[in-house]
Amino acid sequence: MNGSLIGDEGVDLSRVGRVLNIQRFALHDGPGVRTTVFLKGCPLSCAWCQNPESIAAEPQIMYAAARCAGCRACEEACRQGAHRFDGEGHVYDRLRCVRCGACAAACPAGALELAGREQSVGAVLDEVQRDVPYYAESGGGLTISGGEPLVQPAFTAALARQAAARALHTCLDTTGFAPWAALEPLVAVVDLFLYDVKLLDDGAHRRWTGRGNELILANLERLVAAGAAVELRCPIIPTVNDTDDHLDALARLVGRLGGGVGCAILPYHTMARSKYDRLGMVAPLGDLPSIPPQRAQQWVDALRRRGVDARL
Ligand code: SF4
Ligand code: SF4
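Rules and cut-offs
- Residues numbered from 1 in each chain as written.
- Chains lettered and ligands numbered in written order.
- Predicted model: local features only at pLDDT ≥ 70, side-chain atom pairs only at ≥ 80, totals over all residues.
- Heavy atoms only, no water.
- Helix = DSSP H or I, 4+ residues; strand = E, 2+ residues; numbered from the N terminus.
- Buried < 20%, exposed > 50% of the residue type's maximum accessible area, 1.4 Å probe, protein only.
- Contact = heavy atoms within 4.5 Å.
- Areas by Shrake-Rupley, 256 points an atom, 1.4 Å probe, with all protein chains shown as cover.
- Salt bridge = Lys/Arg side-chain N within 4 Å of Asp/Glu carboxyl O.
- Near = heavy atom within 4 Å.
- Nonpolar A, V, L, I, M, F, W, Y, C, P; charged D, E, K, R; others polar.
- Phe/Tyr/Trp six-rings, centres within 6.5 Å; stacked < 30°, edge-to-face > 60°.
- Domains from an automatic or database assignment.
- Buried area = accessible area lost by both parts, 1.4 Å probe.
- Pairing = 2+ DSSP bridges.
- Axes fitted to C-alpha atoms, helices over the stretch in contact; angles between N-to-C directions.

Participant: Would you take a moment to explain the overall build of the chain for this structure?
Facilitator: When you go through the chain residue by residue, the secondary structure sums to 11 helices and 13 strands. Taken over the C-alpha atoms alone, the chain extends approximately 60 × 50 × 35 Å along its principal axes. A total of 312 residues make up the chain; the buried ones form 50% of that total. Partitioning the intrachain contacts of the chain with sequence separation of at least 6 by distance along the chain shows that 68% fall at a separation of at least 24. Surface accessibility of the chain: about 14,300 Å² in total, with carbon and sulfur atoms responsible for 50%.

Participant: Got a minute to help me understand the pattern of salt bridges in this structure?
Facilitator: Side-chain pairs of opposite charge can arise where the charged atoms are in close proximity. A full pass over the atoms with the stated rule returns 13 salt bridges. Residues Glu 113 and Arg 278 are paired through a salt bridge, measuring 3.5 Å at the closest nitrogen-oxygen approach. Placement of Glu 113 in strand 6 (residues 112-115) and of Arg 278 in helix 10 (residues 273-279) is noted, with a sequence separation of 165 residues between them. A residue is classified by how much of its surface remains accessible, and Arg 278, at 15% relative accessible area, is buried. Put simply, Lys 198 and Asp 196 hold a salt bridge, and the shortest N to O gap is 3.2 Å. Each of the two residues, Lys 198 as well as Asp 196, counts as buried.

Participant: Explain the site of ligand 2 here, please?
Facilitator: The full set close to ligand 2 counts 14 residues, and Cys 68, Cys 71, Arg 72, Cys 74 and Cys 107 are the nearest of them. When the residues that make up the shell around ligand 2 are grouped by side-chain class, the tally is 11 nonpolar, 2 polar and 1 charged.

Participant: Looking at this model, I keep getting lost on the packing of aromatic side chains. Mind explaining?
Facilitator: In this description, an aromatic ring pair is defined by two values, namely the gap between the centres and the angle between the planes. One pass over the full model with this rule turns up 2 aromatic pairs. Ring plane angle 80° and centroid distance 5.1 Å describe the contact between Phe 25 and Tyr 134, whose orientation is recorded as edge-to-face. Here Phe 25, found in strand 1 (residues 16-26), pairs with Tyr 134, found in helix 4 (residues 132-138); they are 109 residues apart in sequence, far enough to count as distant. Since its relative accessible area comes to 41%, Phe 25 is described here as partly exposed. With 6.2 Å between their ring centres and 75° between their planes, Tyr 63 and Tyr 92 make a pair best called edge-to-face. In this pair, Tyr 63 is assigned in strand 3 (residues 60-63) and Tyr 92 in strand 5 (residues 89-92), connecting sequence segments 29 residues apart.

Participant: I keep staring at the domain arrangement of the chain and nothing clicks. Help me out?
Facilitator: A common measure of how large an interface is: the accessible area buried when the components associate. Along its sequence, the chain is organised into domain 1 (8-56 + 117-311) and domain 2 (62-115). Relative placement of domain 1 and domain 2: their C-alpha centres are 32 Å apart. At the interface, 8 residues of domain 1 touch 6 residues of domain 2. Of the roughly 610 Å² buried at the junction of domain 1 and domain 2 (both faces included), carbon and sulfur atoms supply 59%. Between the two partners, domain 1 and domain 2, sit 1 salt bridge. Among the elements that make up the side of domain 1 that touches domain 2, the one with the highest residue count is helix 10 (4 residues). For the side of domain 1 that touches domain 2, a count of residues per class yields 2 nonpolar, 1 polar and 5 charged.

Participant: I keep staring at the sheet that holds strand 12 (residues 262-267) and nothing clicks. Help me out?
Facilitator: Working definition: the strands of a sheet are paired by backbone hydrogen bonds and lie parallel or antiparallel to each other. Within the open sheet, the 9 strands sit side by side as 7-1-2-8-9-10-11-12-13. Their pairing is mixed. Every other strand in the sheet has two partners, leaving strand 7 (117-120) and strand 13 (310-311) as the edge strands with one partner each. Direction of pairing for strand 9 (residues 170-174) relative to strand 10 (residues 192-196): parallel, over a ladder of 4 bridges. Bridging across to strand 10, Asp 173 finds its partner in Leu 194. Those strands touched by helix 3 (residues 121-128) are strand 1, strand 2 (34-39), strand 7 and strand 8 (141-145), and its axis lies near 85° from that of strand 7.

Participant: Help me understand the environment of Ala 82 in this model?
Facilitator: Take Ala 82: it is sitting in the loop between helix 1 (73-77) and strand 4 (83-86). As a C-alpha pair, Ala 82 and Tyr 92 span 10 residues in sequence and 5.7 Å in three-dimensional space. In contact with Ala 82, other than residues within four places in its own chain, are Val 91, Tyr 92, Asp 93, Arg 96 and Cys 97.

Participant: What is the right way to read the site of ligand 1 from this model?
Facilitator: Taken together, 13 residues form the shell around ligand 1, and within it Cys 78, Cys 97, Cys 100, Gly 101 and Cys 103 come nearest. When its residues are assigned to classes, the shell around ligand 1 shows 9 nonpolar, 3 polar and 1 charged.

Participant: Please explain unusual backbone geometry as it appears in this structure.
Facilitator: Of note, the amide linkage connecting Gly 146 to Gly 147 takes the cis form, showing an omega dihedral of 10°. Along the chain, Gly 147 falls in the loop between strand 8 and helix 5 (153-165). Backbone geometry at Arg 72 places phi at a positive 70°, although glycine is not the residue there. The topology assignment puts Arg 72 in the loop between strand 3 and helix 1. A relative accessible area of 39% places Arg 72 in the partly exposed class. Even without glycine at this site, Thr 239 takes up a positive phi of about 75°. Of note, Thr 239 is situated in the loop between strand 11 (230-236) and helix 9 (244-257).

Written out as structure tokens, the structure reads:
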């Protein structure tokens, strides 16, 4: 890392963002081997969200009751009285919790975890740069994801600008739900936009994600018109959008956008269900099963028959 707090091209390396997680050796967040930086905060609340701990902007405690060894270290660490032990065993009271993280730091069993921390641009890039040799070999790099990274536009822009100055290939994984003013400056420094397209019908989009899709689709068209490299990321969710009508609408969208825009299908799976439990949330889709791989491949084939450059 550059020793000063000012990085290449005047980027403020001390700028702090709310980071959920930094995942090394990610293979599905853009080309090659990547390091994915997940940021906190999202304006959408998709019923199938695989990262529910990223939706809230502030840190959260995740509690896995099955891992609790009953040592009571959390009770001692908490100044708010949010952990207590009674006839029912260990009770964690989220209403008392101010999310300081003291209990998670004290827990020897990994039953408590603080999801979200503040980290500077410089510190994040230090971690990302540890794997430069793997990026060079595989054509990988940095992916900025979330949540929605554009909830923190200044931090995301600083990260992307500094990564570009260091010749790191950079992807931005975005819902597209952000002011164009937040997206536009990134066109010059992001190599590939991984752009979510969930539903093409505005009412259905609002019902399943909490927001309409007008802004998202307008930003997508602007990005492509500005010459950005874009790959659509299209979750397929049984009972929500696994219909021929949705396939047709996706194919029409790709046709309108013009050549060069590919489409990655993201089949629904249930791996996030335990995260909802640990956050004290109810998974909105309940027991809906994962899509089997052969069904997901059928979607890819069906899109290809419609002229879309689709893949899993
Ligand atoms: S995060 Fe802080 S306030 Fe919340 S339960 Fe843990 S120690 Fe108590
Ligand atoms: S510190 Fe961890 S293991 Fe100990 S009682 Fe609290 S949650 Fe359970």
